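Remarks on the overall topology
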Amino acid sequence: MKRVSLVITLAVAAGISVPAATAQTLKTVKDRGQLSCGVSQGLPGFSSPDDKGNWTGLDVDVCRAIAAVVFNDPTKVKFVPLSAKDRFTALQSGEIDVLSRNTTWTLSRDTTLGANFTGVTYYDGQGFLVKKSLKVNSALELNSASVCVQTGTTTEQNLADYFKGNNMKYEVIAFGTADEAVKAYESGRCDVFTTDVSGLYAERLKLANPADHAVLPEVISKEPLGPMVRHGDDQWFDLVKWVLFAMVDAEELGITQKNVDEMAKSDKPELKRALGSDGNLGEQLGLTKDWVIRIVKGVGNYGEAFERNVGGGSKLGIARGLNQLWNKGGIQYAPPIR
Amino acid sequence: MTSHPRKPPSQFLPKLQRALGGQAGWGGFVLQLAFVAVLVWVSFEIVSNASENLRAQRITSGFGFLANTAGFDVNQSLIPYAGSDTYTRVFFVGLLNTLLVSLIGIFFATLIGFVVALGRLSPNWLLARLSGAYVEVVRNLPLLFQILFWYLAVLAALPNPRQSVSVFGSFFLNNRGLIIPKPIAEAGLEPFALALAMAVIASIALWRYSLRQLYRHGKLTSVWPYVLGLLAGLPLASVLIFGVPVTFEIPVLKGFNFAGGARIIPEFVALTLALSIYTAAFIAEIVRAGILAVHKGQMEAGSSLGLGRGAVLRLIVIPQALRVILPPLTNQYLNLTKNSSLAVAIGYPDLVSVFAGTTLSQTGQAIEIIGITMGVYLLLSLVTSAVMSFYGWRLGRSLAA
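Residues numbered from 1 in each chain as written. Chains lettered and ligands numbered in written order. Predicted model: local features only at pLDDT ≥ 70, side-chain atom pairs only at ≥ 80, totals over all residues.

Digging into the packing of helix α3 (residues 58-71) of chain A against helix α9 (residues 234-252) of chain A
Residue and element names in this part refer to chain A.
- Between α3 and α9, the shortest axis-to-axis distance is 10 Å and the interhelical angle comes to 105°. Between α3 and α9, the angle falls in the class roughly perpendicular. Counting all contacts with α3, which are made through Val62, Ala65, Ile66 and Val69, the residues of α9 involved are Val240, Val243, Leu244 and Met247.
- Looking at the contact of α3 with α9 residue by residue, the classes come out as eight nonpolar, no polar and no charged. (Axes fitted to C-alpha atoms, helices over the stretch in contact; angles between N-to-C directions. Helix = DSSP H or I, 4+ residues; strand = E, 2+ residues; numbered from the N terminus. Parallel < 35°, antiparallel > 145°, perpendicular 65-115°, else oblique. Contact = placed C-beta atoms within 7 Å. Nonpolar A, V, L, I, M, F, W, Y, C, P; charged D, E, K, R; others polar.)

Pasting the structure below:
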């Protein structure tokens, strides 16, 4: 992994593969015949490969939806697994077209990396995983604990802020990958493993006895996770942004994988606009009129993707919570398709 | 017209020509100039192209980030460090951790390497076979696996803090590391250090005096009782007059972990173990080759003078072998330092982990940070090389004398 990032760095330095600033990403993707999508190295629920190498997860579905609108085929995606610290370099250098890797939206990442966040796929927050045998019920009881963490994430800074803010001492052990950090936690090197709460549920599944470990109730940070694209190609930025919006809008309009064909025949003006029988909204994005139909047929609406990957229909069983639609008590909200 | 003796033509130009162009003369000089110009042009293009690309993509560049607050913590630091310090401070924390593990690794690798090499050359069948097996097993397994092996093996073998292995109630061993009493300087420290230094200097002087007696007059003088007396007596006197130099802070179990005391983290132990054991296998082969390169007659000559095997090795064989050993040994030292960057796999906070890892991904300034990190490793390697060359030069001089 280290070698890869070095090669990329040198490539950026020599200006070999920097088509970003001027290139038409959509055209590049079409010419290539597949979308190159940066994902995690294996985080159940968000992006992880099964034993046949098929990637699934919420982050994966965002890329599949993009492939669906561009190629009418959600399978035309090449997934590039990236470590936390290599992800931005891979996007900057043009190795991937979109980074969909549970990445937290922060001001400094939005301004200094030469990339833009296109929306929020999952509202998350940082939490703590502990062994039940420690009999700890609150993160405020963690004074003098040893904490395992993956390096290269916002997690390390939140952790420092939280312990300092609550006047507690701790020891941090930072590992290159989440797997190594979890292994050290399991071997007893640390009392606590910390990352985003969704990640805690996902990593807990990998432990020998998931039932022996508990996620503490405190959520110590705001972690809005979303996809990123490079600066300099507004068309591509709009496209990725609206694919996600369309998934949320589709749920709000009640368009599901099952009823999408029926809905397309509906006379309701908002459904006609969204599903392309009225106007040319898809074409304004550089796509086809049936773009929303393609998304919903490919991966379903936002709610369906959520349930299948991280919600009740998955092993993780995470409640919708903040990620419920705005009119159902959550904060997922998309501008209207019109 | 008086004839002056003709002045010899000035040697300046031909000398300059030779110095600049070598045997190829001015043509060679022009060629070199052209080569340097091309090199400068290429590097200028790379730098300007990179900065232009970064600007075009609005990626922040430059070294301003070094003054920003780091905001994360590190679990081993040789200098005072807190999350509110700058990235520059983080850089030095990482650098010192790399240096620490490298220096201690080099020390143990050399020690183990020499012992194994002598073992392999020993007439004792079992010892020779064991040493041979060590070399063959260790040098044929990838280093990363060995690091992970030692880390997981060390961790698995150790109990949790509440069931620590305790020695005298003040040393504790558990899976958080080895916790030892922390020395705290007292008023008596300075006189104590001074007394110790005086004792050491006096002992060295005595030892040299005895050597001179031996070489000049062939007299064996035994100075060790005086040396012992000096080394023990002077510091003791200082303690009696000025009080104890240090007191110890005893660690106490508190909550999850021990409070007070100093701690050696298991990541450091595992990394040092893996690096020294791995590199020692290569050093052993280098030392063995060096010893075998010394002519057999030298050893026989030593034996015929009545010297024992140890004395022959120490006084005759190893000094000559060192000339052969030194250059490849330097390579191994450089390798060990560079290999220490595998630390990130087990969470040891070395330069690559905290600077080229966390700092890089927090600031996103890959080119600057990778550049600085490569520069540091280059500098470390050049310094190691220079020190070893100097030692080699001194050794060559003393052998030639």
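Back to the text.
Describing α9 of chain A
- Taking 1.5 Å per residue as the helical rise, α9 of chain A with its 19 residues ought to reach 27 Å, and the 26 Å between its terminal C-alpha atoms agrees with that figure.
- The element α9 of chain A is largely enclosed, with a buried count of 15 among its 19 residues. (Expected span 1.5 Å × (residues − 1). Buried ≥ 20, exposed ≤ 12 C-beta atoms within 10 Å, placed from the backbone.)

Thoughts on the environment of Arg263 of chain B
Residue and element names in this part refer to chain B.
- Looking at the element boundaries, Arg263 is found in strand β8 (residues 262-264).
- Along the sequence, Arg263 and Ile367 sit 104 residues apart, while their C-alpha atoms lie 35 Å from each other.
- Discounting residues that sit within four places of it in the chain, Arg263 has contacts with Gly177, Leu178 and Ile179.

Regarding the domain arrangement of chain B
- On domain assignment, one finds that chain B holds domain 1 (87-145 + 266-400) and domain 2 (190-243).
- For domain 1 of chain B and domain 2 of chain B, the distance between their C-alpha centroids amounts to 33 Å. (Domains from an automatic or database assignment.)

So, the confidence of the model for chain B
- Residue-level pLDDT values for chain B average 87, and 99% of them are 70 or greater.
- As a predicted assembly, this complex carries a pTM of 0.78 together with an ipTM value of 0.74. (pLDDT = per-residue confidence, 0-100.)

Describing the sheet that holds strand β10 (residues 170-175) of chain A
All names here are of chain A.
- Within the open sheet, the five strands sit side by side as β10-β9-β11-β8-β12. Their pairing is mixed. Single-partner strands in this sheet number two, and they are β10 and β12 (213-215). Across the sheet, the mean angle from the axis of one strand to that of its neighbour is 30°, orientation sign disregarded.
- Taken together, the five bridges between strand β8 (residues 126-131) and strand β11 (residues 192-196) define a ladder with antiparallel strand orientation. Paired with Gln126 across the two strands is Asp196, which belongs to β11.
- Where helix α8 (residues 197-206) meets the sheet, it contacts β8, β11 and β12, and its direction lies at approximately 125° from that of β11. (Pairing = 2+ DSSP bridges.)

Examining the domain arrangement of chain A
All names here are of chain A.
- Each domain of chain A was delimited in the assignment, giving domain 1 (2-123 + 224-328) and domain 2 (126-221).
- Centre-to-centre, using C-alpha coordinates, domain 1 lies 29 Å away from domain 2.
- Taken together, the 15 residues of domain 1 in the interface contact 13 residues of domain 2.
- For the side of domain 1 that touches domain 2, the per-class residue count stands at seven nonpolar, six polar and two charged.

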